[in-house]
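Architecture and fold: a report
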Protein chains: 2
Amino acid sequence: MRKKLTFYFDFSSAYSYVAQARMDAVFAGLDVDILWRPILLGIIFRENGWTPVAPGTAKGDYTFHDVERCVRKEGLPLRWPETFPFNGMLAARLFYALEDEQAVAFARAVFHAAFGEGRDVANPDVLAELLAAVGADVAAATERSGLDAVKAWLREETTAAMAAGVFGAPSFVTDGELFWGADRMEDARDWLARGGW
Amino acid sequence: MRKKLTFYFDFSSAYSYVAQARMDAVFAGLDVDILWRPILLGIIFRENGWTPVAPGTAKGDYTFHDVERCVRKEGLPLRWPETFPFNGMLAARLFYALEDEQAVAFARAVFHAAFGEGRDVANPDVLAELLAAVGADVAAATERSGLDAVKAWLREETTAAMAAGVFGAPSFVTDGELFWGADRMEDARDWLARGGW
């Protein structure tokens, strides 16, 4: 049976930007469907009493430096958006308003705009431009993104992520197993390849 | 010039147990001296207003599960000690009371006793047994471990780790670059091999 791997991410997660760039190479050759699932990490953080890592703390300073190092290692562009973390809710709703393949192309475009170009992807005009760039029907997608069903979908995926144990992003879930972090994709791959250990 | 890599760890860090088991294979073939440096993570956590991850939280439950998964992947034994986290101060002082090679053998023995066998390595009798097992002069090492100079050495290494940006364990520092986590040793290795990127 073809396996599934759910890639839970928040558009505002810099390590998710790193993960989506490395992902195809890491999971290449595996008989697996990767399900992209944007979630609202803010809700999960609130639930867990967490706050995003902040510059000026040892962990915060490390994280910013480490993201820059990861990005450089992958040969990716990096320009921190002026507002960070930013609100990825509109982008996430638009994601669920699109068909699967277009949704993934749109997600990649949002990550590139946000972290590669430092653009404000909480801005609907920027998102409309990105929708157009991936060939989506901008008006239809924008309208669909406002539907209750689409809003509910995003909330449900966030709830499902929490139920699977997700507390940060990116997270990878397969077979009931959770792997947290862009740096644990190799473990998720090995788990898939070996059927666990 | 031969490079140096400092391996900062706390004996009570389960991911440090994982790291020390994988370490030799990861860094094999590199022209590097690995300096083992036990530190007191409790002091660093206090400084940063942190508490260890606790079971019953999403991150805590994940961490315990993930450690067990990492350990299983490496084919290591695991038996959680009754008291966890435990106080690694006595073991760390004994480490600094020994000569380099014996100190590393002792550190490995402490990790194995604590996490492989679930023994209480805060207990001086257990530590004496481990000292004997690595061929150390138990009485001399125990006496040395109580010297002000040895106590100060442990504090100084902890302070040096903080100055290098360390906020958790295991941490690897080379060339002013900090890599945090057993899962980032490959990045530290690549950094050493390429001279950065």
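First things first, this report covers the structure right here in the doc. (Residues numbered from 1 in each chain as written. Chains lettered and ligands numbered in written order. Predicted model: local features only at pLDDT ≥ 70, side-chain atom pairs only at ≥ 80, totals over all residues. Heavy atoms only, no water.)

**Quick word on the packing of aromatic side chains**
Applicable threshold: Paired rings are identified among Phe, Tyr and Trp, the last through its six-membered ring, by centres lying within 6.5 Å, and are further divided according to the angle between planes into stacked (under 30 degrees), edge-to-face (over 60) and tilted (the rest). For helices the rule is a DSSP run of H or I covering at least 4 residues; for strands it is a run of E covering at least 2, with both sets numbered from the N terminus onward. Two limits define a charge over a ring: the Lys NZ or Arg CZ must be within 6 Å of the ring centre, and within 35 degrees of the ring normal.
Under the defined criterion, the tally for this structure stands at 50 aromatic pairs over all chains. Judged by centre distance (4.7 Å) and plane angle (40°), the rings of Tyr96(B) and Trp153(B) are tilted. Here Trp153(B) lies in helix α8 (residues 148-163) and Tyr96(B) lies in helix α4 (residues 89-97), a separation of 57 residues in the sequence. Relative to Trp180(B), the ring of Phe167(B) has its centre 4.8 Å away and its plane inclined at 55°; by these criteria the two rings are tilted. You can see Phe167(B) sitting in the loop between α8 and β3 (171-174) and its partner Trp180(B) sitting in strand β4 (residues 177-180), a full 13 residues away along the chain. Ring pairs connect the aromatic residues Phe7(A), Phe9(A), Phe11(A), Phe27(A), Trp36(A), Phe95(A), Tyr96(A), Phe111(A), Trp153(A) and Phe172(A), which therefore count as one cluster. It is Arg69(A) that lies over the ring of Phe179(B); its NZ or CZ is 3.8 Å from the centre.

**Re the interface of chain A and chain B**
Heads up, the condition is: By the convention used here, residues are in contact when the closest approach between their heavy atoms is within 4.5 Å. As a working definition, buried area equals the accessible area (1.4 Å probe) given up by two parts on being put together, with both sides summed. Each salt bridge in this description consists of a side-chain nitrogen of Lys or Arg and a carboxyl oxygen of Asp or Glu lying within 4 Å of one another.
On the chain B side, the residues contacting the 24 residues of chain A number 24 residues. Here chain A and chain B share an interface that buries about 2400 Å² over both sides, 53% of which is from carbon and sulfur atoms. In this structure, the connection of chain A to chain B is made through 10 salt bridges. Close ionic contact of Lys73(A) with Asp190(B) constitutes a salt bridge, the shortest N to O distance being 2.7 Å.

**With respect to helix α8 (residues 148-163) of chain A**
All names here are of chain A. Inclusion rule: One less than the number of residues in a helix, times 1.5 Å, gives the span that helix is expected to have.
The end-to-end C-alpha distance of α8, which contains 16 residues, comes to 22 Å, matching closely the 22 Å that a straight helix rising 1.5 Å per residue would cover. In the core, the buried residues of α8 are packed alongside β1 (3-9), β2 (32-38), α2 (41-48), α4 (89-97) and α7 (138-145). In the stretch just after α8, Gly165 is the one whose phi turns positive, near 100°.

**With respect to the sheet that holds strand β4 (residues 177-180) of chain A**
All names here are of chain A. Rule in force here: Only when DSSP finds a minimum of two bridges between them are two strands counted as paired. Axis definition: a line fit to C-alpha positions, over the contact stretch in the case of helices; interaxial angles, taken between N-to-C directions, run 0 to 180 degrees.
Strand order in the open sheet formed by four strands is β2-β1-β3-β4, with mixed pairing between adjacent strands. The outermost strands of the open sheet, each flanked by one partner alone, are β2 and β4. In this sheet, neighbouring strand axes are inclined to one another by 20° on average, regardless of whether the strands run parallel or antiparallel. In the sheet, strand β3 (residues 171-174) pairs with β4 via four bridges, with the strands oriented antiparallel. Across the sheet, the residue bridging to Ser171 is Trp180, located in β4.

**So, α8(B)**
Keep this limit in mind: Buried residues are those whose accessible area, probed at 1.4 Å on protein chains only, stays under 20% of the maximum for their type, while exposed residues exceed 50% and partly exposed ones sit between those limits.
Every buried residue belonging to α8(B) is among Val150(B), Ala152(B), Leu154(B), Glu157(B), Thr158(B) and Ala161(B), and all of these are buried. Buried residues in α8(B) make contact with β1 (3-9), β2 (32-38), α2 (41-48), α4 and α7 (138-145) of chain B.

**Comments concerning the environment of Asp148(A)**
Residues and elements named next belong to chain A. As for its placement among the helices and strands, Asp148 is situated in helix α8. Looking at Asp148, the relative accessible area reads 63%, which means it is exposed. Here the alpha-carbon distance between Asp148 and Ala54, two residues 94 residues apart in the chain, equals 34 Å.

**A few points about the pairing of β3(A)**
In summary, the side chains of a regular strand alternate between the two faces of the sheet. Residue and element names in this part refer to chain A. Of the two faces of β3, the one holding Ser171 and Val173 and the one holding Phe172 and Thr174 are both buried throughout. Direction of pairing for β1 relative to β3: antiparallel, over a ladder of three bridges. The residue bridging Tyr8 from the neighbouring strand is Ser171, located in β3. Where β3 hands over to β4, the hairpin turn is made up of two residues, of which Asp175 adopts a positive phi near 65°.

Note that all results are geometric; they support no functional claim without further evidence.
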